[in-house]
8 protein chains.
Amino acid sequence: MNKDELKNMLTMVANGTLSVDDAVTKIKLQPYDDLGFAKIDTHRGVRQGADEVIYGEGKTAEQISKIVSHILENSAKSVLITRMSEDKAGEVSRCVPLHYDSASRIGIAGEIRKKKDTGNIVIATGGTSDIPVAEEAAQTAEFYGNRVTRLYDVGVSGVHRLIDNAEVLSGAKVVIAVAGMEGALASVVGGMVDCPVIAVPTSVGYGASFGGLSALLSMLNSCASGVSVVNIDNGFGAGYLANMINKI
Amino acid sequence: MNKDELKNMLTMVANGTLSVDDAVTKIKLQPYDDLGFAKIDTHRGVRQGADEVIYGEGKTAEQISKIVSHILENSAKSVLITRMSEDKAGEVSRCVPLHYDSASRIGIAGEIRKKKDTGNIVIATGGTSDIPVAEEAAQTAEFYGNRVTRLYDVGVSGVHRLIDNAEVLSGAKVVIAVAGMEGALASVVGGMVDCPVIAVPTSVGYGASFGGLSALLSMLNSCASGVSVVNIDNGFGAGYLANMINKI
Amino acid sequence: MNKDELKNMLTMVANGTLSVDDAVTKIKLQPYDDLGFAKIDTHRGVRQGADEVIYGEGKTAEQISKIVSHILENSAKSVLITRMSEDKAGEVSRCVPLHYDSASRIGIAGEIRKKKDTGNIVIATGGTSDIPVAEEAAQTAEFYGNRVTRLYDVGVSGVHRLIDNAEVLSGAKVVIAVAGMEGALASVVGGMVDCPVIAVPTSVGYGASFGGLSALLSMLNSCASGVSVVNIDNGFGAGYLANMINKI
Amino acid sequence: MNKDELKNMLTMVANGTLSVDDAVTKIKLQPYDDLGFAKIDTHRGVRQGADEVIYGEGKTAEQISKIVSHILENSAKSVLITRMSEDKAGEVSRCVPLHYDSASRIGIAGEIRKKKDTGNIVIATGGTSDIPVAEEAAQTAEFYGNRVTRLYDVGVSGVHRLIDNAEVLSGAKVVIAVAGMEGALASVVGGMVDCPVIAVPTSVGYGASFGGLSALLSMLNSCASGVSVVNIDNGFGAGYLANMINKI
Amino acid sequence: MNKDELKNMLTMVANGTLSVDDAVTKIKLQPYDDLGFAKIDTHRGVRQGADEVIYGEGKTAEQISKIVSHILENSAKSVLITRMSEDKAGEVSRCVPLHYDSASRIGIAGEIRKKKDTGNIVIATGGTSDIPVAEEAAQTAEFYGNRVTRLYDVGVSGVHRLIDNAEVLSGAKVVIAVAGMEGALASVVGGMVDCPVIAVPTSVGYGASFGGLSALLSMLNSCASGVSVVNIDNGFGAGYLANMINKI
Amino acid sequence: MNKDELKNMLTMVANGTLSVDDAVTKIKLQPYDDLGFAKIDTHRGVRQGADEVIYGEGKTAEQISKIVSHILENSAKSVLITRMSEDKAGEVSRCVPLHYDSASRIGIAGEIRKKKDTGNIVIATGGTSDIPVAEEAAQTAEFYGNRVTRLYDVGVSGVHRLIDNAEVLSGAKVVIAVAGMEGALASVVGGMVDCPVIAVPTSVGYGASFGGLSALLSMLNSCASGVSVVNIDNGFGAGYLANMINKI
Amino acid sequence: MNKDELKNMLTMVANGTLSVDDAVTKIKLQPYDDLGFAKIDTHRGVRQGADEVIYGEGKTAEQISKIVSHILENSAKSVLITRMSEDKAGEVSRCVPLHYDSASRIGIAGEIRKKKDTGNIVIATGGTSDIPVAEEAAQTAEFYGNRVTRLYDVGVSGVHRLIDNAEVLSGAKVVIAVAGMEGALASVVGGMVDCPVIAVPTSVGYGASFGGLSALLSMLNSCASGVSVVNIDNGFGAGYLANMINKI
Amino acid sequence: MNKDELKNMLTMVANGTLSVDDAVTKIKLQPYDDLGFAKIDTHRGVRQGADEVIYGEGKTAEQISKIVSHILENSAKSVLITRMSEDKAGEVSRCVPLHYDSASRIGIAGEIRKKKDTGNIVIATGGTSDIPVAEEAAQTAEFYGNRVTRLYDVGVSGVHRLIDNAEVLSGAKVVIAVAGMEGALASVVGGMVDCPVIAVPTSVGYGASFGGLSALLSMLNSCASGVSVVNIDNGFGAGYLANMINKI
């Protein structure tokens, strides 16, 4: 349940279309539900302004289905599931209605939200191999109603591709820079824009990229101001944070 | 020169109080000035919405003074100098008017800006040893006109200190979490607020803290959403980014 | 053979129900038995107060069966086998009676001990993915007769889940805190209780968690007093140590 | 204020020798005092069973003196200050009565506690260079009233020195094993005793000891059960934890 | 061709049983043979006192067979092949006569040498999982004619197993200490003997053993004198070096 | 003695202006001279096409003077000394004529060479703090007669500074890219030019730059082709290699 | 399109055999083509003097085929595809004519270029396991028309194999030294030649080679001048750079 | 007390020149003496065949003097002190007769031993900066009566210097290879000789040498057989081990 849903419900209580008891049931006194194997944090919507998100990796299709159903019935109209394999998505979709995107491995259960009339989030990648992580960010941002512009394969070794898109970049309210290998994209983009840049190192590369460590260190040491970094391959985290900033 | 200063100048041109030639001289065709030992990026104010900032470490007092003078005469009304030792500050203040704060090692040359009427930036630290880095962030944010609330020494080993300040935290538009050792502050704060959290690992600690690596990794792996990370001890970067987000 | 069993046997010798020769055979002069491929440490029960435990990984089902049989016949009434795959458990159970738990991959051969009337061991996890490691700890502690309270999925990004369970935690004689990613659970719990906290970093996470290194460093740098750390994913070690402390 | 002091005070309230108002003043509603530069955690005594401890490194003599005075006046009868240089100790001792030990760099302000009639804590070191860290552990344990047996310079390269002391070791209720270089002491001791072993890696060594990393990894990988590890050079943490276990 | 074979051949030339031309053909002017995909170092026998050894990993069964045949025909009477899978051994044995040991994954082609009347090499392991690496060392040493005593599963957590074998150890001319996890075996053994100890870290372990790094660092930091270290899992290197020392 | 000097000398022998004996003395049979504490590699000029270079760090002024004198008298007309402190340079200049540059800490003894008519070497730096390393490269290249264009403080966070100098860069025969922090300069420059780029990571930076490791990994992972890397801060190596390539 | 092709085309325009419009179409105004999933950098031929190269790993056979076709039709006569598995090569060859080499996993589509009359590139490897990486370098260099001499299996443990080939090495214009394990080849070769040495660390080895890290560090620390390093296993990068240098 | 001294003493007992009581006093029942701050291992001479050696770093001149005096009076005729600064040596020499060498920082107290008639130990270094470590090895070996040949500054970048000394090397019974930077010396030497090579990585170098890590990894991965490694800068360990091997 997010803040808007909470306000709506309280308004219904105020004008008598919802009984106080039913409201209490919906809000619940304890801020989490205990499913036995997981304590669902039902108030995160209120506290953090975002519905429940499920990290799909390491959970069975059955566990995912149960948590999704529980949330949809109790606290939110839609659920975002990240890092869910195509196989699991197939199983889950037999229990709950699901939109699944195989590139980003993201599934959305419940109703799709409308685009909000907020600023633009630009998502840039260094190469084509970074696209899955970028899509995780993009789909997450879109899930929360943001407009997203994709600017893929604009790595710094052909810096004219970035310069050509300077206008797109400068129109952004937040930029997400996704890159593996040397991760230089974040610094170059950071120097071209007047807005926060969220850098996502990816594990793309080989040898001395050490599973994304090289890009991670690069981005942390960025000489451009306004750049901050999330975990390697953490497209979701970047998309979620971009939504937070864009809402402000 | 920031956007507002640019607009003012162009308005003066429009209404005849500034000649075109003088405007050209001020804007300059090349977006940087060459001082011989440094290319000052005079358009960064326009491009990035922030005046020139000088990283004081590794520069002599003489070099700092020259750059500051050049900027004040050509492109900005105030200059922020970070990581400047007390000795250098003394020398610089003989050449240009300077406000210096020894805790954060920050100096401000030129006129102090007025507070803007924007959201609140809350800066929390895990312990008292993290305060110098936190002050670097705080002073930077204040330099750009932001309101800053300091919440120091609220580390997670006495989590009630954080809970007691839940209201302060939830009223923030951005939170900066500054912590060394295990860096857990970012995760706990991240779970308590509905706004971006900028995590600053510090090199406070010993042994297996490996100069801030432990806190850095912790923060990158934060299980809370909305958390992003800047370089170890990079208070300036956090303050600058917080200002960017707060402006949106 | 543990201290109690040793005492019983010597009492039997004292009152004539066991001949000296048979006692000698049982105690054996050399404190280990040589099975050819392994030297079984038969006196560890006496020396360390615990029966033999078998680390199942890297041993064949046949080797496990032989060692278990040897121990059951000579020195102990029950044997704990850790890190045993479901397949191996199937094979072993054809040779010796075996209780097997697939979540913790722990098998117990021989008789199950009675719960002792000692303090309570609370085992907390940051998320649901940490449960297998937590169960290894829990089953180990229970094998030695301890009472165990499970507090799973109480990670610090929703710190109210921990606060709500403050009473459970403060009633513990030992707490085991199991967490991957940023491992902050140990510090927060450490600040809430008045008893030893055994921290178990897990390899849960991705990217900059570097296979548990991030959680490990976090826990070693804990700002809370009373926290010590065992190896990554070492649920057994934590359960065993908790039993040792609880016995005191 | 620890539990005993709290009980005493409440008893005084119960039998009328202390007014309710004065008791309230002493207990305070907020569980920490704000000195401006530090939030003193006055309830830690109640919550964690131990008086306030001050980490002296990075604090000025003046700051230490102020915090010590505040604690002695409000919540505890004695204060332990760790990692305090001889110079600072000199300055502090001009403000508050102080016992200072230069080997462990520990200072104790206020009254010295009586030895409790609990089990014995044995502290072993690999070499003579590990003694300062061992003394930090020893003095901390003694501060809380524990009996401590020192077993210094019994490193594993002359294993007979350990064997000779087997009886001392087996009489311990907790053992603290302090060693740098290869840190093997923890494993060998761990195999000789039937009680918890707290391993403290030290930064003693050179080259591939990498500031204590070698000993740290060794101890985490100990093949003996019942061993847990604290941060490199963290003698205080080990002594504090040993006290916790010994009290049980 | 080793030194003895060379001397024999030259003696045959001296007493006329071998023509100079045939001798020249055997010795060859260039000290390596070019097989196209490999330059076989035919003089290593002369230069280094050991026949050619083939590192089987990464070579096909066909390549191994060709190199073995070439060496047996030209320069040596037996060939040692290390790290050869059982499958490859099967294929190779169809081309050349081969003794294969699956534990050590070592194959020997050509004639088996007689035991020399030299000192004893003792090979000790910490646990049973270290045996494959130990056997690689043992079989290598035996290939060169050394007497080898195996002392397996004598890890330091049950140090009496080592003490019991003190006599065996002190009778050694060289000791090879093979251990994973914390690698403490090398230090303890190093302190018990009066001869060189070759330490072999193994990749046995999990979590913070980091693939053998923990044992490696431990062994390099050994506080016992006379210990040197070879690469992780390098049983062959240890066996070869032990032979070199034993020959002296 | 370089190839040209060798040819000249042999021509003098050919036309009788130098006796064979004197030539032999100059060339020497052994290709190095033994000064007791150092074996001077007199043939490196012939073999590698470059005169002797002395690495000044860790050598006393007296040792440097002796080696310089020996080389000047025997094999070369000029000597390059790198990493020599201003103090040592003062002492050395009392023994041999010396040109010293304090920025690069390079000294040149003997005669200064003429500029050759070869291609241009462009040396770019990310910031002003990288200049000492860049100057080491520049002075080395100039020592060997190359033309050098300096392009300092053109870091990627203000990428227009690089674009503006595209023509200078594209006219280079070799580019040396010197940068610390995230080291992105190498990749961006690498994508702009059609010639080899030698990347020099510098130890400029703090926190997660880990003494230059971040820039090093970045440069090794460069997505631009034609980039290779030398050691951290190795300006000499870059200048020397640039000369080699420029000569081809 | 490379520089020569561009010149030819412009000459055709100049002498009327190509219309201006057709020329414009060929050159294109934007320097990259957008295929949706990839922005092909069509001007890299002009800018960097080399045709487009495709990094095959992580791309599907279908994507490779599309990019190859697009390039062959628009900007270049031949395309180099690296790191392409045999399976993908089979699929690609059904769409475009393809020469494939399974050792180097390199495919060449379009016409094979003629050898240029430039200097010789010598490629040396330490062992036979380094050959695949060496072949990637060799085939790349040959693709651009260079003459390549292969010197495989000349590792430094039999340094006479290198000495014997001193003449081959000294005749090189560039040397590529490919080695795993300790990577010493680069230093020894670097000291033997008077030309640039490009060092390629390989991931060949085990244990403490840490996936090529050992060889990488070795090569970066080479005591020989003129050595620079590319990423682990980056044969392509070395071959490409060697071509650049050889062209000068 | 070493074996010879023990035999002599027992012989004196046998022929009546020493009373049993005095012998008992000299041998002592406990194999170490407790000086309060150090347990001197008096039987190491018997057990390990070498007199007591004192590691001087971290000990005060007073402590060193006391230990030396104790040993000289009780168990040995000479004592080796390593890593002792010149200042401490001055102080120690006022209490006990001392030979001090400032290059190796080694002091010898008591009588100098005679050279034994054993094999030759060759000690080679890569450069002149490695000499202090090499001298620590050399002086240690000479302390135990070995003949030592020094071969300094024969690094692999001028491999002819090694080839020229092939005869010296091949006459060795043990070789100690001391090198920093890339540490390739061990591999090249290892391939040239038929005896054990003890590799000593040094911390000589900068940047990516990471304090000796680069040389250490190189040496562990040596492709030559017969090479083993001791800790970074551990000249003493190498000299001691060389003596052990040479004695065999």
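These figures come from a predicted structure and were not determined experimentally.

Caption draft 1: Up close: the overall build of chain A. Within chain A, the regular secondary structure consists of eleven helices and eleven strands. Looking at the 248 residues of chain A, the share that counts as buried comes to 62%. The contacts in chain A between residues at least 6 apart in sequence include a share of 65% that link residues at least 24 apart. Working note: accessible area of chain A is about 8,700 Å², and carbon and sulfur atoms make up 52% of it.

Caption draft 2: Structural detail: a negative patch on the surface. Residues and elements named next belong to chain F. Together, Glu62, Glu86, Asp87 and Glu91 make up a negatively charged patch on the protein surface. The dominant element in the negative patch, judged by the number of residues it contributes, is helix H5 (residues 86–93), at three residues. Residue position: Glu62 is located in helix H4 (residues 61–74).

Caption draft 3: Structural view of the interface of chain D and chain E. Each side of the interface is counted separately: chain D has 24 residues, and chain E has 24 residues. Around 1,900 Å² of area is buried between chain D and chain E when both sides are counted, 66% of it from carbon and sulfur atoms. In terms of surface lost to chain E, no three residues of chain D exceed D:Ser157, D:Glu182 and D:Asn221, which account for 29% of the buried area on that side. At the junction of chain D and chain E, the tally comes to zero salt bridges. Where chain D meets chain E, there are 15 residue pairs in polar contact (both at pLDDT 80 or more).

Caption draft 4: Main features of the sheet that holds strand S4 (residues 78–82) of chain H. Residues and elements named next belong to chain H. Taken in spatial order, the four strands make up an open sheet running S3-S4-S6-S5, and their pairing is mixed. For this open sheet the edge positions go to strand S3 (53–55) and strand S5 (98–101), each flanked by a neighbour on one side alone. On average, each strand axis in the sheet is tilted by 15° relative to the strand beside it, whichever way the strands run. The sheet contact formed by S4 and strand S6 (residues 106–110) spans four bridges and is antiparallel. Residue pairing across strands places Val79 opposite Ala109, the latter belonging to S6.

Caption draft 5: Representation of the packing of helix H10 (residues 213–220) of chain G against helix H10 (residues 213–220) of chain H in the model. At a closest axis distance of 8 Å, the pairing of H10(G) and H10(H) adopts a crossing angle of 125°. On the basis of their axis angle, the class for H10(G) and H10(H) is oblique. Where H10(G) crosses over H10(H), the handedness of that crossing is left-handed. Between H10(G) and H10(H), the residues in contact are G:Leu213, G:Ser214, G:Leu217 and G:Ser218 and H:Leu213, H:Ser214, H:Leu217 and H:Ser218, respectively. Class assignment of the residues belonging to the contact of H10(G) with H10(H) gives a composition of four nonpolar, four polar and no charged.

Caption draft 6: A look at the packing of helix H6 (residues 131–143) of chain D against helix H11 (residues 235–247) of chain D. All names here are of chain D. Direction vectors running N to C along H6 and H11 enclose 35°, while the axes themselves pass 7 Å from each other. The handedness of the crossing between H6 and H11 comes out as right-handed. Judged by residue contacts, Val133, Glu136, Ala137, Thr140 and Ala141 of H6 engage Gly235, Phe236, Ala238, Gly239 and Tyr240 from H11. Partitioning the contact of H6 with H11 into residue classes produces six nonpolar, three polar and one charged.

Caption draft 7: Representation of the side chain of E:Asn243 in the model. With respect to the helices and strands, the residue E:Asn243 is situated in helix H11 (residues 235–247). Ignoring anything within four residues of it in the chain, the contact list for E:Asn243 reads E:Lys116, E:Ile121, E:Tyr144 and E:Asn146.

Caption draft 8: The arrangement of helix H4 (residues 61–74) of chain A in detail. The end-to-end C-alpha distance of H4(A) is 20 Å, a good match for the 20 Å that 14 residues give at a rise of 1.5 Å each. Taken as a whole, H4(A) has its buried residues at A:Ala61, A:Ile64, A:Ser65, A:Ile67, A:Val68, A:His70 and A:Ile71.

Caption draft 9: Geometry of the sheet that holds strand S6 (residues 106–110) of chain A. Residue and element names in this part refer to chain A. Overall, mixed pairing links the four strands, which are arranged S3-S4-S6-S5 in an open sheet. Whereas interior strands pair on both sides, the edge strands pair on one side only; in this sheet they are strand S3 (53–55) and strand S5 (98–101). Strand-to-strand twist in this sheet, taken as the mean axis angle between neighbours without regard to direction, amounts to 15°. Strand direction decides the pairing type here: S3 and strand S4 (residues 78–82), joined by three bridges, are parallel. Looking across to S4, one finds that Val53 is bridged to Leu80. Strands S3, S4 and S6 of the sheet are contacted by H4, whose axis makes an angle of about 155° with S4.

Caption draft 10: Looking closely at the interface of chain B and chain A. If you look at the interface, chain B gives 29 residues, while chain A gives 29 residues. Interface of chain B and chain A: buried area, both sides summed, is about 2,600 Å²; carbon and sulfur atoms make up 56% of it. Area buried by chain B at its contact with chain A is led by B:Asp194, B:Leu220 and B:Ile248, which between them contribute 25% of it. On inspection of chain B and its partner chain A, the count reaches two salt bridges. As a salt-bridge pair, A:Lys247 and B:Asp194 come within 3.7 Å of each other at their nearest N and O atoms. Counting the contacts that link chain B with chain A gives four residue pairs in polar contact (both at pLDDT 80 or more). In terms of residues, the side of chain B that touches chain A owes the most to one element, helix H11 (residues 235–247) of chain B, which gives six residues.

Rules of the game
Residues numbered from 1 in each chain as written. Chains lettered and ligands numbered in written order. Predicted model: local features only at pLDDT ≥ 70, side-chain atom pairs only at ≥ 80, totals over all residues. Heavy atoms only, no water. Helix = DSSP H or I, 4+ residues; strand = E, 2+ residues; numbered from the N terminus. Buried < 20%, exposed > 50% of the residue type's maximum accessible area, 1.4 Å probe, protein only. Contact = heavy atoms within 4.5 Å. Areas by Shrake-Rupley, 256 points an atom, 1.4 Å probe, with all protein chains shown as cover. Patch = residues over 30% accessible without salt bridge, like charges linked within 9 Å, V, L, I, M, F, W, Y side chains within 5 Å. Salt bridge = Lys/Arg side-chain N within 4 Å of Asp/Glu carboxyl O. Lys, Arg positive; Asp, Glu negative; His and termini not counted. Charge placed at Lys NZ, Arg CZ, Asp CG, Glu CD. Buried area = accessible area lost by both parts, 1.4 Å probe. Polar contact = N/O pair within 3.5 Å; in protein donor to acceptor, adjacent residues only side chain to side chain. Pairing = 2+ DSSP bridges. Axes fitted to C-alpha atoms, helices over the stretch in contact; angles between N-to-C directions. Parallel < 35°, antiparallel > 145°, perpendicular 65-115°, else oblique. Left-handed = near helix turned anticlockwise from the far one by under 90°. Nonpolar A, V, L, I, M, F, W, Y, C, P; charged D, E, K, R; others polar. Expected span 1.5 Å × (residues − 1).

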